[in-house]
Amino acid sequence: MSDITELERRITAALDRIGRGLDGLAPPPPAGPGPEVLAKLESAQARIAGLEQELSDERLANAQLEERMKSVRETADRHASAMDIQAYEQQKSTAKLDADVQRLRRASEDLRASNLSLRAAIEQGLSDPHLINKAMLAELETLRAARSVESAQADAILAALEPLVKRAAQEDVQPAQMAQPIEIAQSAEQENSNA
């Protein structure tokens, strides 16, 4: 029995030592993150998702703005090219008009000179058929040159008016399209007032 008592005492001492050792140990950490950490993690993930959505929206808006800018640039380039073409056409018609005016001036000077020669021959009592033919040719050339100048002036006026007429026609179409619903509404009101 003394062995049993001794064994009991030894077991009790060992259990006491184990108990004291366990008391000195810190409690074990929880198995997973705590509820506060999980709440912060969920909040951060929600914020990241929101920021990614905002970034996606901004990228889409940026792409749309770039597309609009590209469209505006293309439209501006088309208008500039149209203006260049129009300026070239006006320069060409102005150059033709100037050439025709110079031709008219030369023909008029020839006609004056021919008429002066014819008048001098008639005053001297000479009737030279060659001078009469020369005067008639000069007059015909003057008439042709005058006709050419008038035609060039008409072309220049038409070239200047053409863009204005096109723009006015486009502006007339837009109000006419807007006026149709107004006319329908007015006719409906008249029918209601007549009834």
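Residues numbered from 1 in each chain as written. Predicted model: local features only at pLDDT ≥ 70, side-chain atom pairs only at ≥ 80, totals over all residues. Heavy atoms only, no water.

Engineer: Explanation requested: the overall build of the protein in the structure shown.
Structural biologist: Tallying secondary structure elements over the protein gives 3 helices and 0 strands in all. Moving toward the C terminus, one meets the helices and strands of the protein in the order α-α-α. Taken over 195 residues, the protein has a buried fraction of 9%. Considering only contacts within the protein whose residues lie at least 6 apart along the sequence, 76% involve residues at least 24 apart. With the model as given, the accessible surface of the protein reaches about 16,600 Å², and the carbon-plus-sulfur share is 58%. (Helix = DSSP H or I, 4+ residues; strand = E, 2+ residues; numbered from the N terminus. Buried < 20%, exposed > 50% of the residue type's maximum accessible area, 1.4 Å probe, protein only. Contact = heavy atoms within 4.5 Å. Areas by Shrake-Rupley, 256 points an atom, 1.4 Å probe, with all protein chains shown as cover.)

Engineer: What's the story with a nonpolar patch on the surface in this structure? I'm lost.
Structural biologist: A cluster of nonpolar side chains, Leu 7, Ile 11, Leu 15, Ile 18, Leu 22 and Leu 25, forms an exposed patch at the surface whose accessible area comes to about 630 Å². Overall, Ile 11 belongs to the exposed group, its relative accessible area being 51%. (Patch = residues over 30% accessible without salt bridge, like charges linked within 9 Å, V, L, I, M, F, W, Y side chains within 5 Å. Salt bridge = Lys/Arg side-chain N within 4 Å of Asp/Glu carboxyl O.)

Engineer: Looking at this structure, how should I read the layout of surface pockets?
Structural biologist: The probe, sized like a water molecule, is rolled over the atoms to show the empty space still left. Taken as a whole, the largest pocket spans an internal volume of roughly 400 Å³. Considering the residues around the largest pocket, the lining is formed by 15 residues, among which Ala 82, Gln 86, Glu 162, Pro 163 and Lys 166 are closest to the centre. At the level of secondary structure, the elements contributing two or more residues to the lining of the largest pocket comprise helix 2 (35-123) and helix 3 (129-194). Broken down by element, the residue count for the lining of the largest pocket peaks at 8 residues, all from helix 3. Split by residue class, the lining of the largest pocket holds 7 nonpolar, 4 polar and 4 charged. (1 Å grid on protein atoms, 1.4 Å probe; cavity = no way out; pocket = protein on both sides within 12 Å on 5 of 7 lines; lining within 4 Å. Points joined across faces, edges and corners; volume = space filled by probe spheres on them. Nonpolar A, V, L, I, M, F, W, Y, C, P; charged D, E, K, R; others polar.)

Engineer: Got a minute to help me understand the pattern of salt bridges in this structure?
Structural biologist: Opposite charge on two side chains allows them to pair when their charged atoms are near. All told, the structure shown has 6 salt bridges when counted by the stated rule. With a shortest N-O distance of 3.8 Å, Lys 92 and Glu 89 are connected by a salt bridge. Separated by 3 residues within a single helix, Lys 92 and Glu 89 lie in helix 2, roughly one turn from each other. Taking relative accessible area as the criterion, Lys 92 reaches 44% and is therefore assigned partly exposed. One salt bridge in this structure joins Glu 162 and Lys 166, with 3.5 Å as the shortest N-O distance. Of this pair, Glu 162 and Lys 166 both sit in helix 3, 4 residues apart, which is roughly one turn of that helix. One network of salt bridges, in which partners are shared, links Arg 103, Glu 141 and Arg 144.

Engineer: Please explain the confidence of the model for the protein as it appears in this structure.
Structural biologist: When pLDDT drops low, the exact placement of atoms in the prediction is not to be read closely. Confidence in the prediction of the protein, expressed as mean pLDDT, is 79, and 84% of residues score 70 or more. No element of the protein has a lower mean pLDDT than helix 3, which averages 74, and none a higher one than helix 2, which averages 86. (pLDDT = per-residue confidence, 0-100.)

Engineer: Whenever I open this one, the side chain of Thr 142 confuses me. Can you help?
Structural biologist: As for its placement among the helices and strands, Thr 142 is situated in helix 3. For Thr 142, the side chain forms a polar contact with the main-chain oxygen of Ala 107, separated by 3.1 Å. Once residues lying within four places of it in the same chain are set aside, the contact partners of Thr 142 are Leu 104, Ala 107, Ser 108 and Leu 111. (Polar contact = N/O pair within 3.5 Å; in protein donor to acceptor, adjacent residues only side chain to side chain.)

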